[in-house]
Amino acid sequence: MKRSLLIMLLSALLVVPVMAGTGPADVANTPHNLTDNNPDFLLAITYGSTNEDEICVFCHTPHGGSLDAALWNRDLTSISGAGVFTHYTSATLSTAGGLATTNRAVNPESLVCLSCHDGSISVGDTLFNNGGVTPDNNIVDVQPGFGGPGPRIGGTIATTNDTGDLSDDHPISFSYSAVFTDKPGTLQTVAYVEGTKGLVLYGANENVECTTCHDPHVSYITAYGGDADYDPFLAIPNTGSDMCLSCHIK
């Protein structure tokens, strides 16, 4: 009995976190509820399905899922590899950790987000539906917002219909620890980012990914019981730029 409990405890300690987030989880009451019964009528008619009531199926499947994320229900092959995305750059960026390469490949932890948000793949383009067959994808793309790309972050503010253009977005898929070493005094320690602030850096290189700052399940719409401090899908509140200062020393 004691041996079994010890094994269970060690297993729990060895689990690697795959998603940041401290806010209330209730994806049914968020824009990520892409079904035909989102409680927000405007969201439902803007980019909701017309024939699907299963909330999780747009991202996850219990059988036959991709290993890119937890039983992932989307094909990432068309947006993977170097040169698919153009990353942000500036004269003040470090050259360490892959930041100097503007056409670097995006890691799976961010590709799972961009499989909807780069604007190139329909959000209904899943591998399987609940019956185990390819669905008819009767759902529209996530559309640009007024005056900017909105949910479609793969386009610039000037040209919202672009795909793969992340040049006006915070860098992703680079090694935080490498930049920390290269630019001393500009970044917090990894222990502070992950341990104190509760954000997640991924892999042996402690990479920054989309889900370092965003939690796709967090409920932030107050009309449906959410916490506005987590708007939009923040991993931790950014009150007083607290999330920014979790990494940056300014």
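Anything mentioned here points back to the structure above.
Just so you know, these numbers come straight off a predicted model, no measurement behind them. (Residues numbered from 1 in each chain as written. Predicted model: local features only at pLDDT ≥ 70, side-chain atom pairs only at ≥ 80, totals over all residues. Heavy atoms only, no water.)

1. Focus: the nonpolar core
- Within the largest apolar cluster, 15 residues are counted, with the highest numbers of intra-cluster contacts made by Tyr176, Val193 and Leu201.
- Residue assignment for this core shows that the elements contributing at least two residues are α4 (176–182) and α5 (190–196).
- In this structure, Trp72, Leu76, Phe85 and Val106 belong to the second largest nonpolar core, which totals 12 residues. (Core = buried A, V, L, I, M, F, W, Y, C linked by side-chain atoms within 4.5 Å. Buried < 20%, exposed > 50% of the residue type's maximum accessible area, 1.4 Å probe, protein only. Helix = DSSP H or I, 4+ residues; strand = E, 2+ residues; numbered from the N terminus.)

2. Remarks on the side chain of Asn38
- Position of Asn38 among the secondary structure elements: in the loop between α1 (2–14) and α2 (41–47).
- The exposure class of Asn38 is buried, given its relative accessible area of 8%.
- One polar contact links the side chain of Asn38 to the main-chain carbonyl oxygen of Asn33, over a distance of 2.9 Å.
- A distance of 2.8 Å separates the side chain of Asn38 from the backbone nitrogen of Asp40, its partner in a polar contact. (Polar contact = N/O pair within 3.5 Å; in protein donor to acceptor, adjacent residues only side chain to side chain.)

3. Notes on the pattern of salt bridges
- Counting across every chain of the model gives one salt bridge.
- Among the ionic pairs, Asp242 bridges to Lys197, the shortest N-O distance being 3.0 Å. Of the two residues, Asp242 sits in the loop between α6 (210–213) and α7 (244–247) while Lys197 sits in the loop between α5 and β4 (207–208), which places them 45 residues apart along the sequence.
- Looking at Asp242, the relative accessible area reads 31%, which means it is partly exposed. (Salt bridge = Lys/Arg side-chain N within 4 Å of Asp/Glu carboxyl O.)

4. A few points about the packing of aromatic side chains
- Per the counting criterion, the structure on display carries one aromatic pair.
- With a centroid separation of 5.0 Å and an interplanar angle of 85°, the aromatic rings of Tyr220 and Phe233 are classed as edge-to-face. Highlighted residues: Tyr220 in the loop between α6 and α7 and Phe233 in the loop between α6 and α7, separated in sequence by 13 residues.
- We classify Phe233 as buried; its relative accessible area is 9%. (Phe/Tyr/Trp six-rings, centres within 6.5 Å; stacked < 30°, edge-to-face > 60°.)

5. Overview of the environment of Asn207
- Summarising the element assignment, Asn207 is placed in strand β4.
- Sequence spacing of Asn207 and Glu109 is 98 residues, and the spatial spacing of their C-alpha atoms is 9.5 Å.
- Not counting chain neighbours up to four residues away, the residues in contact with Asn207 comprise Asn107, Phe174, Ser175, Tyr176, Val200, Leu201, Tyr202 and Thr212. (Contact = heavy atoms within 4.5 Å.)

6. Some thoughts on the environment of Tyr224
- Tracing the backbone through its elements, the reader meets Tyr224 in the loop between α6 and α7.
- C-alpha separation for the pair Tyr224 and Asp26, spaced 198 residues apart in sequence, amounts to 9.5 Å.
- Ignoring sequence-local partners within four residues, the contact set of Tyr224 consists of Asn29, Pro39, Asp40 and Ser219.
- Of the polar contacts made by the side chain of Tyr224, one reaches the backbone oxygen of Pro39; its length is 3.3 Å.

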